[in-house]
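An overview of the molecular structure
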Amino acid sequence: MKKILLLIAATGLLTLGCDRFHVSDNGKLDGFWQLTDVDTLSNGRSANVGHLQIFWAVQADLLEIRDIRGMNVNVFFRFDFNDKQLTLYSPVADNREISDSLVTDVNTIRPYGLSNLRETLQILELSSTKMTLESHTLRMYFRKY
């Protein structure tokens, strides 16, 4: 009898606690993406950039762009997403040793292929393994990691 009461109490607590957490509803966008290739739209040139180790991590309403090599500041973005576009905004630099700070200089995010502090990217492809995004200057290809 004690085991049954304990199970009922635990189930009730878990059910109540679930309402407090934001569940991600981004479908195939959620996850860990590696930037593999970039096309420059103005001149048609392509570059394989997989060796740069740039990753996008997406969960809930937060996107982190991380340079695994540590050459650039990691940046967190808020975003809006639908099946046609992804809008990144409110970038915050990850400076945990000092203090996270709002990014105000676009040069902080240029190494990631972004040229505006509020960037709208067209979604050309989004599957469970591949994503292709396009800005007004670049087409970026990702693989799900």
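Residues numbered from 1 in each chain as written. Predicted model: local features only at pLDDT ≥ 70, side-chain atom pairs only at ≥ 80, totals over all residues. Heavy atoms only, no water.

**What about the overall build of the protein?**
- Within the protein, the secondary structure is distributed over one helix and 10 strands.
- Taking all 145 residues of the protein together, the buried fraction comes to 34%.
- Within the protein, contacts between residues at least 6 apart in sequence are counted, and of these 46% link residues at least 24 apart.
- Accessible area for the protein stands at about 9200 Å²; split by element, carbon and sulfur atoms hold 55% of it. (Helix = DSSP H or I, 4+ residues; strand = E, 2+ residues; numbered from the N terminus. Buried < 20%, exposed > 50% of the residue type's maximum accessible area, 1.4 Å probe, protein only. Contact = heavy atoms within 4.5 Å. Areas by Shrake-Rupley, 256 points an atom, 1.4 Å probe, with all protein chains shown as cover.)

**What to know about the environment of I109**
- For I109, the position within the fold is in the loop between β7 (101-102) and β8 (119-126).
- Classification of I109 by relative accessible area gives buried; the value is 0%.
- Spatially, the C-alpha atoms of I109 and V73 are 8.3 Å apart, while their sequence positions differ by 36 residues.
- Excluding residues within four positions of it along the chain, I109 makes contact with V75, F77, V103, L114, N116 and L117.

**Here we look at the confidence of the model for the protein**
- Across the protein, the average pLDDT comes to 86, with 81% of residues at 70 or higher.
- Confidence over residues 2-19 falls short of pLDDT 50; this stretch has zero contacts with residues more than four positions distant or in other chains. (pLDDT = per-residue confidence, 0-100.)

**Let's talk about the pattern of salt bridges**
- One pass over the full model with this rule turns up six salt bridges.
- A salt bridge links E64 to R66, with the shortest nitrogen-to-oxygen separation between them at 2.4 Å.
- The salt bridge involving E134 is made with R139; its shortest N-O contact spans 2.8 Å.
- Overall, the relative accessible area of 18% leaves E134 in the buried class.
- You can call R139 partly exposed: its relative accessible area is 25%.
- Within this structure, D39, E134 and R139 form a network of salt bridges that share partners. (Salt bridge = Lys/Arg side-chain N within 4 Å of Asp/Glu carboxyl O.)

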